[in-house]
Amino acid sequence: MQRIKQKFEDLSDLNISRTGPNEMQYLNYDFGGHHLPHMDLLNISMNDRMATILIYLNDVTRGGGTIFPRAKQAVHPEKGKLILWYNMNSNLDFEINSLHGACPVLIGRKIAIAYFIRENDQMFIKPCLKPPQYRPIEELKVTEGLIMK
Ligand SMILES: O=C(O)CCC(=O)C(=O)O
Ligand SMILES: [Fe+2]
């Protein structure tokens, strides 16, 4: 994992926490296994998932690609391949091009690791970028709360 972290930092302008497991998701898809298009951002005002690294741990015979419908990109899983993308734009807001999903596995199995890079790990290399943004969904929630009271 240390080598993967180093590789990521070499490729990006982001920092990965070296304390603890941070946020790693082990993915194991069997026949038909898939993930509908989504954003990795949690839409929280602090310490959101700024970027994602996906590491494929095996070759998939057929299917199982990672697709980015907005960015019009598709990546076929291959053992040892690593991809990274930003979930936030430079305004620390949704990067719409980060919308992604996993196609169903048709033949074989897909094993991968998703690693989410959090905003707080960047505080010393990107200090005081901009104050946290109010994002529309959060505003909606607050308004609803006020109406209910
Ligand atoms: O398995 C993939 O290709 C994508 C996984 C993913 O999007 C996620 O774990 O958030
Ligand atoms: Fe995802």
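Values in this document were obtained by computation on a predicted structure and should not be read as measured data.

The rules behind these values
Residues numbered from 1 in each chain as written. Chains lettered and ligands numbered in written order. Predicted model: local features only at pLDDT ≥ 70, side-chain atom pairs only at ≥ 80, totals over all residues. Heavy atoms only, no water. Pairing = 2+ DSSP bridges. Helix = DSSP H or I, 4+ residues; strand = E, 2+ residues; numbered from the N terminus. Axes fitted to C-alpha atoms, helices over the stretch in contact; angles between N-to-C directions. Contact = heavy atoms within 4.5 Å. pLDDT = per-residue confidence, 0-100. Buried < 20%, exposed > 50% of the residue type's maximum accessible area, 1.4 Å probe, protein only.

A. Spotlight on the sheet that holds strand S1 (residues 24-29). Ordered by their spatial adjacency, 4 strands build an open sheet running S1-S10-S3-S7, and the pairing between neighbours is antiparallel. Either end of the sheet is taken by a strand with one partner, and the two such strands are S1 and strand S7 (82-86). Going from strand to strand, the sheet's axes swing by 20° on average, the running direction of each strand aside. As paired strands, strand S3 (residues 49-56) and S7 are joined by 5 bridges and run antiparallel to one another. Each residue of the ladder has a partner; that of alanine 51, found in S7, is tyrosine 86. Each of S3, S7 and strand S10 (110-118) is contacted by helix H1 (residues 2-11), which is oriented at about 50° to S7, the strand it contacts most.

B. Structural view of the confidence of the model for the chain. For the chain, per-residue confidence averages 81 on the pLDDT scale, and 79% of positions sit at 70 or higher. In this model, residues 136-149 is a region of pLDDT below 50 whose contacts with residues beyond four sequence positions or in other chains number 7 contacts.

C. How the structure looks around unusual backbone geometry. If you check the backbone angles, asparagine 43 has positive phi at about 60° while not being a glycine. Of note, the phi angle at lysine 72 is positive, near 55°, even though the residue is not glycine. As for its placement among the helices and strands, lysine 72 is situated in the loop between strand S5 (66-68) and strand S6 (73-75). Its relative accessible area of 73% is what places lysine 72 among the exposed residues.

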